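Given next are the chains, with one letter for each unit.
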4 protein chains.
Amino acid sequence: MLRIAIIGATGYAGAEVVRLLTGHPHAALTYLTASGEREGKLLGDLYPSLRGCVDLTCRAVDIAAVAESADVCFIALSHGAMDYAPPLLERGVKVIDLGAEFRLKDAAAFEQWYKKPHTCPRLLERAVYGLPELFREQIRAAQLVANPGCYPTSAILPLYPLLERGMIDPTTIIVDSASGVSGAGRSKTTVDYLFSEVNEDFKAYNVAAHRHTPEIEQALSWAAGAPVTVTFTAHLLPITRGILTTTYATLVQRISTADVLAALHERYANEPFIRIYPEGELPQVKFATGSNFCDIGAKVDPRTNRVILISAEDNLIKGAAGQAVQNMTVMCGLDETTGLRTPPIFP
Amino acid sequence: MLRIAIIGATGYAGAEVVRLLTGHPHAALTYLTASGEREGKLLGDLYPSLRGCVDLTCRAVDIAAVAESADVCFIALSHGAMDYAPPLLERGVKVIDLGAEFRLKDAAAFEQWYKKPHTCPRLLERAVYGLPELFREQIRAAQLVANPGCYPTSAILPLYPLLERGMIDPTTIIVDSASGVSGAGRSKTTVDYLFSEVNEDFKAYNVAAHRHTPEIEQALSWAAGAPVTVTFTAHLLPITRGILTTTYATLVQRISTADVLAALHERYANEPFIRIYPEGELPQVKFATGSNFCDIGAKVDPRTNRVILISAEDNLIKGAAGQAVQNMTVMCGLDETTGLRTPPIFP
Amino acid sequence: MLRIAIIGATGYAGAEVVRLLTGHPHAALTYLTASGEREGKLLGDLYPSLRGCVDLTCRAVDIAAVAESADVCFIALSHGAMDYAPPLLERGVKVIDLGAEFRLKDAAAFEQWYKKPHTCPRLLERAVYGLPELFREQIRAAQLVANPGCYPTSAILPLYPLLERGMIDPTTIIVDSASGVSGAGRSKTTVDYLFSEVNEDFKAYNVAAHRHTPEIEQALSWAAGAPVTVTFTAHLLPITRGILTTTYATLVQRISTADVLAALHERYANEPFIRIYPEGELPQVKFATGSNFCDIGAKVDPRTNRVILISAEDNLIKGAAGQAVQNMTVMCGLDETTGLRTPPIFP
Amino acid sequence: MLRIAIIGATGYAGAEVVRLLTGHPHAALTYLTASGEREGKLLGDLYPSLRGCVDLTCRAVDIAAVAESADVCFIALSHGAMDYAPPLLERGVKVIDLGAEFRLKDAAAFEQWYKKPHTCPRLLERAVYGLPELFREQIRAAQLVANPGCYPTSAILPLYPLLERGMIDPTTIIVDSASGVSGAGRSKTTVDYLFSEVNEDFKAYNVAAHRHTPEIEQALSWAAGAPVTVTFTAHLLPITRGILTTTYATLVQRISTADVLAALHERYANEPFIRIYPEGELPQVKFATGSNFCDIGAKVDPRTNRVILISAEDNLIKGAAGQAVQNMTVMCGLDETTGLRTPPIFP
């Protein structure tokens, strides 16, 4: 039985890791942390949904205690993984960071986009970017996994195979995404995220300046074997969970929708959490909600010779906690689908 | 042209008064107040929806300046009307308070339910409870109007005529209401009102302890000519605007739905903002949204000899700003529907 | 391995049974039916959410084939269980009917409320009302279980213990419920259920005439040992899943909230799917969504000597498919929580 | 007083024209049509929101009667304007068609995209494309106005000035739009538009095949003075009203956000229904809801030398009925803002 700690268990992503690991046959939660007035409280008092499902009290972060209690530690914080990961790794704990601090290989790029210094750049080399469908072997051997951002997961998975094969012009990529509000987290208690302001609204935000841009570009550059720059636009949807990403790129040759789908099928054959949609059908947010699926569809527009890729995922699952649990299974040699087989919840 | 000030123009209710008075033929906004970092800003920068529609900067509260600039002052604050109303009245300004501080005639009841002392109890006698359909003559002569609460408006209007006529047993009244989230205001930036928490949820709150209870009971007691006690339950709906109130009461005699509707029709004949629904049809929140209507329907349950009353209104209009503007027209001798004739916006 | 058939697998309730049984350790889906143009299609083509999760084609209803393929048959139809249940029972198949046709013991009451004749009234005696928390022993021995309605489940569970103990006056019960739209089913493609009409709305419907009324009364009469009549009002919430029921009743004696909660705790001690909320906290729809829980809370209003009971459930799970699966486990001697332990999905 | 007929008054767009003209100082509704079982009913019985606001019965289409009753006729049908417009124009009635049948100048393009023959192609020359901000002089002289589609309005207004000035490369335009569900109309009573299916969802539809594509291209070609081809993607938002369009185009030269905004400001100076957002701020759907505004913002991405244009409108107002009323005022020489000055309704 793997012993599991979660640093930051009271945010939406952390609590979602708890939910997914509840009743897991090979993992047992042993240590949950929370800060401020949440420390000392039962998680079920902070999330009544979990009452009767998990019986753990949130504690302060005590690295020595975490290391004694856990084989694997999930870090689900906006800030702080740079502080906690090094001592945990030293003590032999496997670390999966759901935040952004180990995703970019280039510390300078991190500092430019995140406006803060990187305090352990030497770990960036060791950290593995945790997209199992693309980097499974490296994850298998990793002690530290940087769990991808929600938008990047949905953008990279459909584009990667097409760039690898040189099917699209890498200078023409536009990624247009829309996310549910849970992506903002539970601590964003500002006017912008009040129900009355978000409901019946739709807006673009952080246009041409979103921090997920360099993360998308890093992975696409690996795929293309050369630097790729993209335009990325995030939008806020009046829904709780889910991301839909619409990606545009110009095709290098005149190929058909079927050709694009064939390339995706070939790359992701046997992937348990990728569903390629048949020609004529496209993913919708809700078909993936509640599951660890990333659904992908495509349509070629022969009038403009562009391909339009549509991908959908639950931002808290394949876009965060589910992918983190998937990474855990890969790192620890478990069946990759354990605890993640629940079908989407519909309607 | 009436000159209008609004103290607290940047809350939802205050901004709604602004919206309703924009383009009003007989009223001109002259003075808007806001506190904190909002002071000194254009209202259109705080509410981009109003950009290009109103060109006023929010100022600090300066009672002398307000009194010089305005004939009528709306106060749209949770706390503070007790401080501002007396000096404004002294200076001859008519005051319409959208808050709760002048609604209860009994200062002790106010202090018990609102947990704070009443600092000008002598004004309670002068204040008129601003439900024009019931107290139009007093409002006409008033200098100070206490604009009713959103829930009380929806509960009192259907019950009043039935109590006046002794049609229902006053000991059996249960008022079950549900409101959109805008009722909580724009300053409630807590986890409870985040989109992700409210969306796809429904809950009861302040059960058997809601502050609108004594306000409902006060008006119903006037109708019954004797003290009335009710059970009142508020619920939070995952919508922005609107209240639906379902009221239960046992009938004194075996009468029909048609009899109840006839009593309502008779009481509210010629009322421009009350719509009594025909037998077999019932109000829905959305049929009133965006308008100053209070819609009322009824159904008698012969199996239990209870009447079920359904009332609907836009909580920010008939439940707050619209009723306040309606009170203004009555106090100032204008046509009561001026500026309030816009039909509901549907769908 | 139990072999499972579902008649009516393409409605929301039927598809939810499929979802819950996917990956079940002791049950395997063998036969799904659908009618009209859905016959012959893969369920995953009708519910893309289930693509890759279940690989069965929908077939026409053929009772002989169903009986050969299945040990247990769920019937998830509005109409038709009266036709299919008798021949299935004859062939030794256990039947769980999610519809209303076997819920009322009194065929005359059925005919009065449902406006159609009952074609096999003799089965009403054999049918067991499938609320495991109250009737587990009878269910264990049953061949035919009438799965309760969604509203009745939420109304009966909190009231039953209080009536059994004579704590409330049975003539004063008012049940005020609100349900998400999925309760209307997938085949109600009328204007009333279009997104644009339901969204931002809230309405009461079938007031004093809802078909769940006699079902609630039947169970409450069993609890009270005498006929109970209630006022029941259903409302339509602009959410997909979930029911919140607010129930009012006058207390026979002056007791406290703690007394009421103690009675509930005692009755439901060790029930895996009932959560009694601590004093001062109340259930919310969203705390139960995605789970088989029925959450219950209570508050006594000493001013009126009424108790207000709040109960919440996912209408498609504890209110339909989850309870049906729970009944299956009881009828077949499995651990009652198998396949139903997933915590609620929040936010 | 202009006398107004509406053919198709019971769809969302037609009923919105009714709502906007209710209480209009220079226009009086005289003739409303509806088909099927809606014929002979009061509009207020079909739209209870309008009860007490408009007192007209829906009648069958009788062109002679319409022509006798009305100076201006709005046609708000999916199909049929080709039949009704010619005889109305012959009888001297001004016609504003909210449908698509007179928008494309090229009958062959119409037939290709709409899959039906055009029965009066000679009228296409006379029809004026009703975007007053761009074609006001032609509209002033028109007898027949083709009211633009909702998506095209939001796409053309921001792009037109940039193409006129040659600021963007016309081969790089990608228009990514998202609309509220009311755009589908009230008669689309299929599973796809049920609340439970749309709620908490987001999807692309008619990808690379939407009928608004040639309409957008036609207007952009006029602006560019040469044929323009675009990629256009429509998405369905889980909101009732509103469109947000995110448009991407590569800049011809390295210019700044301020340069783009200056071009927009210059083109739309003095336009009462266009609001250009200041640098650093962007439109949101909800800031325009309930109004006739089209809000426009821009951001240049220097990393890719693309401009991202964001535009927002209420699809039923500036995207349909409001623009139609605006066209009426232009055609009839009224003040263009009469009846359209209501500020957006927020929150």
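What counts and how
Residues numbered from 1 in each chain as written. Chains lettered and ligands numbered in written order. Predicted model: local features only at pLDDT ≥ 70, side-chain atom pairs only at ≥ 80, totals over all residues. Heavy atoms only, no water. Core = buried A, V, L, I, M, F, W, Y, C linked by side-chain atoms within 4.5 Å. Buried < 20%, exposed > 50% of the residue type's maximum accessible area, 1.4 Å probe, protein only. Contact = heavy atoms within 4.5 Å. Least-squares fit on C-alpha atoms with pLDDT ≥ 70 in both. Salt bridge = Lys/Arg side-chain N within 4 Å of Asp/Glu carboxyl O. Helix = DSSP H or I, 4+ residues; strand = E, 2+ residues; numbered from the N terminus. Polar contact = N/O pair within 3.5 Å; in protein donor to acceptor, adjacent residues only side chain to side chain. Nonpolar A, V, L, I, M, F, W, Y, C, P; charged D, E, K, R; others polar. Pairing = 2+ DSSP bridges. Domains from an automatic or database assignment. Buried area = accessible area lost by both parts, 1.4 Å probe.

Novice: Please clarify how the nonpolar core should be interpreted in this entry.
Specialist: The tendency in soluble globular proteins is for nonpolar side chains to be buried side by side. Ranked by internal contacts, the top residues of the largest apolar core, which has 182 residues, are Phe74 of chain A together with Phe74 of chain B. Setting aside its immediate chain neighbours within four residues, Phe74 of chain A contacts Ile4, Ala5, Ile6, Ile7, Val17, Leu21, Ile96, Leu98, Ala324, Val325 and Met328 of chain A. Among the nonpolar cores identified, the runner-up in size contains 181 residues, and Ala15, Val72, Leu251 and Leu340 of chain D belong to it.

Novice: Sorry if this is basic, but what is going on with the relation of the copies chain A and chain D here?
Specialist: Put simply, the two copies of the chain differ by a rotation about an axis and a shift along that axis. Placing chain A over chain D gives an RMSD of 0.0 Å and needs a rotation angle of 180°, together with 0.0 Å of translation along the axis. What the superposition gives is, in effect, a two-fold axis relating one chain to the other. The rotation axis passes nearest to the C-alpha of Pro238 of chain A in chain A, at a distance of 3.5 Å. Interface residue correspondence from chain A to chain D reaches 100%, placing this contact among same-surface, isologous pairings.

Novice: Mind showing me how you'd approach the pattern of salt bridges here?
Specialist: Working definition: two side chains of opposite charge can pair if their charged atoms are close together. Counting across every chain of the model gives 72 salt bridges over all chains. The partner of Glu101 of chain A in a salt bridge is Lys116 of chain A, and the shortest N-O contact between them spans 2.9 Å. Separated by 15 residues along the polypeptide, Glu101 of chain A in the loop between β5 (94–97) and α5 (107–114) and Lys116 of chain A in the loop between α5 and α6 (122–126) bring together distant segments of the chain. On the basis of relative accessible area, Glu101 of chain A is assigned to the buried category, the value being 3%. One salt bridge in this structure joins Glu271 of chain B and Arg136 of chain B, with 2.7 Å as the shortest N-O distance. Placement of the pair is Glu271 of chain B in the loop between α11 (257–268) and β12 (274–276) and Arg136 of chain B in helix α7 (residues 132–140), with a sequence separation of 135 residues. Here Glu271 of chain B matches Arg136 of chain B in class, with each residue buried. When salt bridges that share partners are traced, they join Glu16, Arg19, Arg241 and Asp314 of chain A into one network.

Novice: Before we go on, may I ask you to explain the interface of chain B and chain C in this structure?
Specialist: Interfaces are frequently sized by the accessible area removed from exposure as the parts join. On the side of chain C, 47 residues touch chain B, which itself brings 47 residues to the contact. There are 2 salt bridges connecting chain B and chain C. Where Arg303 of chain C meets Glu217 of chain B, a salt bridge forms, and the shortest distance between an N and an O atom there is 2.5 Å. Our count for the contact surface shared by chain B and chain C stands at 32 residue pairs in polar contact (both at pLDDT 80 or more). Per element, the largest residue contribution to the side of chain B that touches chain C is 4 residues, and it comes from strand β8 (residues 174–179) of chain B. The class makeup of the residues in the side of chain B that touches chain C is 22 nonpolar, 13 polar and 12 charged.

Novice: Looking at this structure, I do not really get the sheet that holds strand β3 (residues 58–59) of chain B. What am I missing?
Specialist: Either a parallel or an antiparallel arrangement is found when strands of a sheet pair, and the pairing is made through backbone hydrogen bonds. Residues and elements named next belong to chain B. As summarised here, the arrangement of the 7 strands in space is β3-β2-β1-β4-β5-β7-β6, forming an open sheet in which the pairing is parallel. The two strands at the open ends of the sheet, each matched to only one other strand, are β3 and β6 (128–129). Pairing analysis gives 2 bridges linking strand β2 (residues 27–33) to β3, with the strands arranged parallel. If you follow Thr33 over to β3, its bridge partner there is Arg59.

Novice: When you look at the relation of the copies chain B and chain C in this model, what are you seeing that I'm missing?
Specialist: Aligned on chain C, chain B shows an RMSD of 0.0 Å; the corresponding rotation is 180° and the shift along the axis is 0.0 Å. Of all interface residues in chain B, 100% are interface residues in chain C too; the two copies therefore contact each other through one and the same surface.

Novice: Which parts of the structure should I look at to understand the domain arrangement of chain A?
Specialist: All names here are of chain A. Annotation of chain A at the domain level lists domain 1 (2–148 + 318–331) and domain 2 (151–315). Each of domain 1 and domain 2 was reduced to a C-alpha centroid, and the two centroids are 24 Å apart. The partner domain 2 presents 30 residues to the 26 residues of domain 1 that form the contact. Buried area between domain 1 and domain 2, summed over both chains or domains, comes out near 2,500 Å², and the portion from carbon and sulfur atoms is 56%. In this assembly, domain 1 and domain 2 are joined by 3 salt bridges. Taken together, the links from domain 1 to domain 2 amount to 16 residue pairs in polar contact (both at pLDDT 80 or more). Elements with a minimum of two residues in the side of domain 1 that touches domain 2: α1 (12–21), α5, α7 (132–140) and α13 (317–331). By residue class, the composition of the side of domain 1 that touches domain 2 is 12 nonpolar, 5 polar and 9 charged.

Novice: I would appreciate a short explanation of the interface of chain A and chain D in the present structure.
Specialist: Contacts between the two partners involve 47 residues from chain A and, on the opposite side, 47 residues from chain D. Summing the contributions of chain A and of chain D, the shared interface buries around 3,900 Å²; its carbon and sulfur component is 54%. Area buried by chain A at its contact with chain D is led by Glu200, Phe202 and Arg303 of chain A, which between them contribute 16% of it. At the boundary of chain A and chain D, one finds 2 salt bridges. Among the residues making up the side of chain A that touches chain D, the classes are represented as 22 nonpolar, 13 polar and 12 charged.

Novice: I would appreciate a short explanation of the environment of Tyr84 of chain B in the present structure.
Specialist: Residues and elements named next belong to chain B. By the secondary structure assignment, Tyr84 is in helix α4 (residues 81–90). For the pair Tyr84 and Val95, spaced 11 residues apart in the sequence, the C-alpha separation amounts to 9.4 Å. Discounting residues that sit within four places of it in the chain, Tyr84 has contacts with Ile7, Val61, Ile63, Ile75 and Leu77.

Novice: What should I look at first to understand the pairing of strand β8 (residues 174–179) of chain A in this one?
Specialist: Residues in a regular strand project their side chains so that they alternate between the two faces of the sheet. Residue and element names in this part refer to chain A. Buried residues dominate β8, accounting for 6 of its 6 residues. Side chains of β8 alternate between two faces, with Ile174, Asp176 and Ala178 and Val175, Ser177 and Ser179 buried alike. Both β8 and strand β10 (residues 231–236) contribute to a ladder of 6 bridges, which runs parallel. The residue of β10 that forms the bridge with Ser177 is Ala234. The sheet contact formed by β8 and strand β11 (residues 243–250) spans 6 bridges and is antiparallel. Following the sheet pairing, Asp176 is matched in β11 by Thr246.

Novice: What should I look at first to understand unusual backbone geometry in this one?
Specialist: Trans is the common state for peptide bonds, and a negative phi is the common state for residues other than glycine. A cis amide bond links Phe346 of chain A with the next residue in sequence, Pro347 of chain A, at an omega value of 5°. With phi around 55°, Lys115 of chain A is a residue other than glycine that occupies positive phi space. Along the chain, the position of Lys115 of chain A falls in the loop between α5 and α6. For Asn270 of chain C, which is not glycine, the phi torsion reads 70° and is therefore positive. The residue Asn270 of chain C is located in the loop between α11 (257–268) and β12 (274–276) in this model. The exposure class of Asn270 of chain C is exposed, given its relative accessible area of 78%.

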